[in-house]
Amino acid sequence: MGSVFPLIVITFTLVSLSFLGSNSQSVKPTHVLDLFIRDYTFKSLDKNFRTGIPQSVNLPANLSGIKVDIVRFRCGSLRRYGAHLKEFHLDVGVTVHPCIERVMLIRQNMGYNWSSIYYANYDLSGYQLFSPIVGILAYNADEDASSSNPFQLGIVASQKPIRIDFTNTTTNFNKEKGIKPICASFEGNGKMTLANTNPSSPLVCIAKKHGHFGLVIESQTPSSPDEFRKPISQWKVAVGSTIGAAIGASLIGLLLVAMLVRVKKRSRMVELERRAYEEEALQVSMVGHVRAPTASGTRTTPAIEHEYLHHPR
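Here is what the cut-offs are and how they apply
- Residues numbered from 1 in each chain as written.
- Predicted model: local features only at pLDDT ≥ 70, side-chain atom pairs only at ≥ 80, totals over all residues.
- Heavy atoms only, no water.
- Helix = DSSP H or I, 4+ residues; strand = E, 2+ residues; numbered from the N terminus.
- Buried < 20%, exposed > 50% of the residue type's maximum accessible area, 1.4 Å probe, protein only.
- Contact = heavy atoms within 4.5 Å.
- pLDDT = per-residue confidence, 0-100.
- Phe/Tyr/Trp six-rings, centres within 6.5 Å; stacked < 30°, edge-to-face > 60°.
- Disulfide = S-S within 2.5 Å.
- Polar contact = N/O pair within 3.5 Å; in protein donor to acceptor, adjacent residues only side chain to side chain.
- Core = buried A, V, L, I, M, F, W, Y, C linked by side-chain atoms within 4.5 Å.
- Pairing = 2+ DSSP bridges.

> Explain the overall build of the chain here, please?
In terms of helices and strands, the chain carries 7 helices and 16 strands. The 313 residues of the chain split such that 38% are buried. The long-range share in the chain, meaning contacts at least 24 apart out of those at least 6 apart in sequence, stands at 70%.

The following block contains the structure:
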């Protein structure tokens, strides 16, 4: 049951995101996916996971298409030497707050499909995704790499910004076509912040803190289907939502059945405990095939009257 419930929540989050408007209240459930990835990552870690060595995490089939990589650092080492995790380059001087000793960096690559569906509620009016959305988040980590209560830390790049390089992620970029990618930061409050890329490095974005990032371009009709990858169409979103709703309904049915079975077992245990208590209080025993209460075995011992002993008739 512990692994089913998070998948139910994620499924219905996706369904709700496909139909709700683009406002801060509807985008908040996107945090559910980050939490699921965090919990799954920490539970699947090898206790011999070495500090400073990146490791890939294979998510369940329900989340196929999302790529996750992790690396653990001591807070002091991260500040002194920086870090490099796939698209993310954290320079010297980067800090995490609060951090007692160790920090776990989790890098996400949502892939084109999950990027288009999961972040469909951000206001992309006039723009369309040009790259998958990638994210980097930090959590506290124990010495054995696992943590009974992982909580999110803040990454702060006050000296030199974090660089996000989409060169290996976006393979359909062609300067000759006149495409001008724009850096997009997808904030937790449901807003998208845009910033121009460096002309000399059009596929590199910079950031001052953790979060989710991607490249967008102004909406246009491509001259050919392969000119650049277009976000998933509305009918695919509708079909995906319908399938998600069906799967979610079946999962909720299984959850309700499990809950009813659990309640029934609990009621049976309560009844057995009540009967045991009553039997102990009434000292119930078996008389043949019948259960009947029995009296206590303590009775007054009969005694011969004193007068009778000395004055016999």
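> Would you mind going over the confidence of the model for the chain with me for this structure?
One rule of thumb: low pLDDT means the predicted coordinates there are not for detailed reading. Residue-level pLDDT values for the chain average 76, and 64% of them are 70 or greater. Segment residues 222-232 is flagged for pLDDT under 50; beyond a separation of four residues in sequence, or across chains, it makes 22 contacts in the model.

> Whenever I open this one, the packing of aromatic side chains confuses me. Can you help?
Think of a pair of aromatic rings as described by two things: how far the centres are apart, and how the planes are tilted against each other in angle. Here the structure, examined in full by the defined rule, presents 4 aromatic pairs. Here Phe-36 and Tyr-40 contribute two aromatic rings whose centre-to-centre distance is 6.2 Å and whose plane-to-plane angle is 25 degrees, an arrangement assigned as stacked. Taken as a pair, Phe-36 and Tyr-40 lie in helix α3 (residues 31-43) at a separation of 4 residues, close to a single helical turn. A residue is classified by how much of its surface remains accessible, and Tyr-40, at 29% relative accessible area, is partly exposed. Between Phe-42 and Tyr-139 the ring centres are 6.4 Å apart and the planes differ by 90 degrees, which places this aromatic pair in the edge-to-face class. One end of the pair, Phe-42, is in helix α3; the other, Tyr-139, is in strand β8 (residues 134-140), with 97 residues separating them in the sequence. The class for Phe-42 is buried, based on a relative accessible area of 6%.

> Just to check I follow, could you spell out the state of the cysteines for this structure?
Any covalent bond linking the sulfur atoms of two cysteines counts as a disulfide. Inspection of every chain in the model, using the stated rule, returns 2 disulfides. With a sulfur-sulfur separation of 1.5 Å, Cys-75 is cross-linked through a disulfide to Cys-99. Here Cys-75 is found in helix α4 (residues 75-81), whereas its partner Cys-99 is found in the loop between β5 (95-97) and β6 (102-109), with 24 residues between them in sequence. Classification of Cys-99 as partly exposed rests on a relative accessible area of 22%.

> Please clarify how unusual backbone geometry should be interpreted in this entry.
Glycine aside, the phi torsion of most residues is negative, and most peptide linkages are trans. For the peptide bond that leads from His-97 to Pro-98, omega is -15 degrees, which places it in the cis range. At Lys-86, a residue that is not glycine, the phi angle is positive and equals roughly 55 degrees. Along the chain, the position of Lys-86 falls in the loop between β3 (83-85) and β4 (88-90).

> Just to check I follow, could you spell out the side chain of Thr-169 for this structure?
As for its placement among the helices and strands, Thr-169 is situated in the loop between β10 (162-165) and β11 (182-186). Taking relative accessible area as the criterion, Thr-169 reaches 13% and is therefore assigned buried. At 3.1 Å, the side chain of Thr-169 and the side chain of Glu-87 are in polar contact. Not counting the four nearest positions on each side in its chain, Thr-169 is found in contact with Glu-87, Asn-109, Tyr-112 and Pro-132.

> Mind showing me how you'd approach the nonpolar core here?
If you look at soluble globular proteins, the nonpolar side chains tend to sit buried side by side. Ranked by size, the top nonpolar core spans 30 residues in total, and within it Leu-90, Val-103, Leu-105 and Ile-155 carry the most contacts. Not counting chain neighbours up to four residues away, the residues in contact with Ile-155 comprise Leu-90, Val-94, Thr-95, Val-96, Leu-105, Ile-136, Leu-137, Ala-138, Ile-162, Lys-208, Lys-209 and His-210. Counting residues in hydrophobic clusters, the runner-up holds 29 residues, among them Leu-33, Ile-70, Tyr-119 and Ile-133.

> Help me understand the pairing of β8 in this model?
Within a regular beta strand, the side chains point alternately toward one face of the sheet and then the other, so they alternate between its two faces. Counting buried residues in β8 gives 7 out of 7 residues, a clear majority hidden from the surface. Burial along β8 is two-sided: Val-134, Ile-136, Ala-138 and Asn-140 facing one way and Gly-135, Leu-137 and Tyr-139 facing the other are all buried. Pairing geometry for β6 and β8, over 7 bridges, is antiparallel. From the neighbouring strand, Met-104 faces β8, where its bridge partner is Tyr-139.

> Teacher, can you tell me more about the pairing of strand β14 (residues 211-218) here?
By the criterion of burial, β14 is predominantly enclosed, with 7 of the 8 residues buried. Taken together, the 3 bridges between strand β7 (residues 127-129) and β14 define a ladder with antiparallel strand orientation. Across the sheet, residue Leu-129 finds its bridge partner in β14, namely Val-216. Examined bridge by bridge, β8 and β14 share 3 bridges and lie antiparallel to one another. Each residue of the ladder has a partner; that of Val-134, found in β14, is Phe-213. Sheet topology places β11 next to β14; 5 bridges connect them, and they run antiparallel. Paired with Ile-182 across the strands is Val-216, a residue of β14.

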